[in-house]
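For reference, the chains in residue letters:
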Amino acid sequence: IEERIDEVSSLFFTKYPPVKFLSEKDRKRILITGGAGFVGSHLTDKLMMDGHEVTVVDNFFTGRKRNVEHWIGHENFELINHDVVEPLYIEVDQIYHLASPASPPNYMYNPIKTLKTNTIGTLNMLGLAKRVGARLLLASTSEVYGDPEVHPQNEEYWGHVNPIGPRACYDEGKRVAETMCYAYMKQEGVEVRVARIFNTFGSRMHMNDGRVVSNFILQALQGEPLTVLNGLVSLMNSNISSPVNLVNPTYRSPLRSQIQFLPEAQDDPRRRRPDIRKAKMMLGWEPVVPLEEGLNKTIQYFSRELEHQANNQYI
Ligand code: NAD
Ligand code: UDP
């Protein structure tokens, strides 16, 4: 009966999104570093709604309080303004280690800080995991494959990264973060999980993310010319005269936009194709949001953000 009352009251009487009731033994204390960011805040929502206790640690470099403010005050939620480069002493069962700028303009803004966050920050979180016996999941990236020479990329591929290029602070930072995870696993018995995430998009992603999806949508919404980098240039310079699908499905701009060519960014991967058979086979995981639906959600979010910015400009 108590369970039912909890469910019903969380639906009707509180200002929070509905939260499932979990018994003490199933409820976990979960730390999400970078939890105020794009991916982290969605993860926060999911784990909170599943009934866990969630602590978000963030220095608000690229994240925003706004992304998690709907949980502030909830008894299962805590938000700590903290930089993972500094040690952290708390008690948890699981750590999702996401703290790191993720998009090129953000991680190149202060490369030394990006390196510190991914190296010292990861070391600290592994030290924490070791002390409290927590499992740590590292949000790694497809960037560990660099500018790949093998297609598609499966997890066995070691990558092709320029160690002194402008993206190295992120790529090598994540590679060393992975190395640290497996060193702590082998030497200290820490349980680790490493997810290599490919470009993700959706609501709460940064409008100035700098990568193709956000650039494309933002410029179309603002009536600026579309920027299509690698695909069009390589198609232009190839000898293929028949039609070639570049992005599937093709984004249909609500405005008629001109296409503008920009020089390729240095060390930008020329081609990337994920091989997700391992995740499918071992985790039964595959992306569930169709591309078109994901794009639509992102577009709606960007429209609202632009409106919000326009409204606040004159206050
Ligand atoms: P994001 O920038 O929205 O989130 C990162 C969060 O980490 C932000 O809230 C930021 O303030 C916080 N942060 C940064 N440095 C910190 C520090 N020193 N201490 C505490 N907090 C810090 O980025 P995102 O897209 O949500 O990415 C989350 C994670 O997933 C990152 O580790 C990123 O490398 C990884 N990833 C993301 C993508 C993607 O497409 N979004 C792809 C591959 C990997
Ligand atoms: N650390 C932390 N929280 C903890 C335990 C450790 O932030 O609860 C940090 C600690 O400051 C150290 C790092 O994690 O810099 C690595 O910890 P570890 O115990 O592996 O190394 P040691 O402290 O023995 O050098």
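Refer to the structure presented above.
All of these numbers come straight from a predicted model, not from anything done at the bench.

Colleague: I'd love a proper account of helix 9 (residues 291–312), names of residues and values included.
Modeller: End to end, helix 9 covers 32 Å across 22 residues, agreeing with the expected 32 Å (1.5 Å per residue, within 8%). Listed as buried for helix 9 are Gly 294, Leu 295, Thr 298, Ile 299, Tyr 301, Phe 302, Glu 305 and Leu 306. For helix 9, the arc enclosing every buried residue in end-on projection is 165 degrees, short of the 170-degree limit, so these residues lie on one face. Exposed side of helix 9, more than 90 degrees from the buried face: Glu 307 and Asn 311 are the residues found there.

Colleague: Pulling in residues and values, what's your account of the environment of Asn 81?
Modeller: Within the secondary structure, Asn 81 sits in strand 3 (residues 77–81). Once the C-alpha coordinates of Asn 81 and Val 56 are considered, the two residues, 25 residues apart in sequence, prove to be 8.4 Å apart. Those residues in contact with Asn 81 that lie beyond four places of it in its chain are Asp 58, Asn 59 and Phe 60.

Colleague: How would you explain the site of ligand 2 if you had to name every residue and give the values?
Modeller: In the vicinity of ligand 2, the contacting residues are Pro 87, Leu 88, Tyr 89, Leu 123, Asn 124, Gly 127, Leu 128, Lys 130, Arg 131 and Tyr 184. In this structure, a nitrogen atom belonging to ligand 2 sits 2.7 Å away from a main-chain N or O atom of Leu 88. Within the side chain of Tyr 184, an N or O atom sits 2.6 Å from an oxygen atom of ligand 2. The element contributing the most residues to the shell around ligand 2 is helix 4 (residues 111–132), with six residues. Considering only residue class, the shell around ligand 2 consists of six nonpolar, two polar and two charged.

Colleague: Tell me what's going on with the environment of Val 192, and back it up with residues and numbers.
Modeller: Following the sequence through the fold, Val 192 ends up in strand 6 (residues 192–197). Sequence spacing of Val 192 and Glu 178 is 14 residues, and the spatial spacing of their C-alpha atoms is 9.5 Å. Apart from the residues lying within four places of it in its own chain, the contact partners of Val 192 are Leu 126, Leu 136, Cys 181, Tyr 182 and Met 185.

Colleague: Describe the nonpolar core, listing the residues and the values that go with them.
Modeller: Core analysis: the largest hydrophobic core is formed by 21 residues, its most contacted members being Leu 31, Leu 88, Ile 95, Met 125, Leu 126, Leu 128 and Leu 136. Put simply, the parts of the chain that give this core at least two residues each are helix 4, strand 5 (135–141) and helix 5 (168–188). Ignoring anything within four residues of it in the chain, the contact list for Ile 95 reads Leu 31, Met 125, Leu 128, Ala 129, Ala 134, Arg 135, Leu 136 and Leu 137.

Colleague: Break down the packing of helix 4 against helix 5 for me, with residues and values.
Modeller: The N-to-C vectors of helix 4 and helix 5 enclose an angle of 15 degrees; their axes lie 9 Å apart at closest approach. Comparing the axis directions of helix 4 and helix 5 gives the class roughly parallel. Judged by the twist between their axes, the crossing of helix 4 over helix 5 is right-handed. In contact with Pro 111, Thr 114, Leu 115, Asn 118, Thr 119, Thr 122, Leu 123, Leu 126, Gly 127 and Lys 130 of helix 4, helix 5 contributes Cys 169, Tyr 170, Gly 173, Lys 174, Val 176, Ala 177, Met 180, Cys 181, Tyr 184 and Glu 188. Of the residues assigned to the contact of helix 4 with helix 5, the class counts are eleven nonpolar, six polar and three charged.

What counts as what
- Residues numbered from 1 in each chain as written.
- Chains lettered and ligands numbered in written order.
- Predicted model: local features only at pLDDT ≥ 70, side-chain atom pairs only at ≥ 80, totals over all residues.
- Heavy atoms only, no water.
- Helix = DSSP H or I, 4+ residues; strand = E, 2+ residues; numbered from the N terminus.
- Expected span 1.5 Å × (residues − 1).
- Buried < 20%, exposed > 50% of the residue type's maximum accessible area, 1.4 Å probe, protein only.
- Arc of directions from axis to C-beta.
- Contact = heavy atoms within 4.5 Å.
- Near = heavy atom within 4 Å.
- Polar contact = N/O pair within 3.5 Å; in protein donor to acceptor, adjacent residues only side chain to side chain.
- Nonpolar A, V, L, I, M, F, W, Y, C, P; charged D, E, K, R; others polar.
- Core = buried A, V, L, I, M, F, W, Y, C linked by side-chain atoms within 4.5 Å.
- Axes fitted to C-alpha atoms, helices over the stretch in contact; angles between N-to-C directions.
- Parallel < 35°, antiparallel > 145°, perpendicular 65-115°, else oblique.
- Left-handed = near helix turned anticlockwise from the far one by under 90°.

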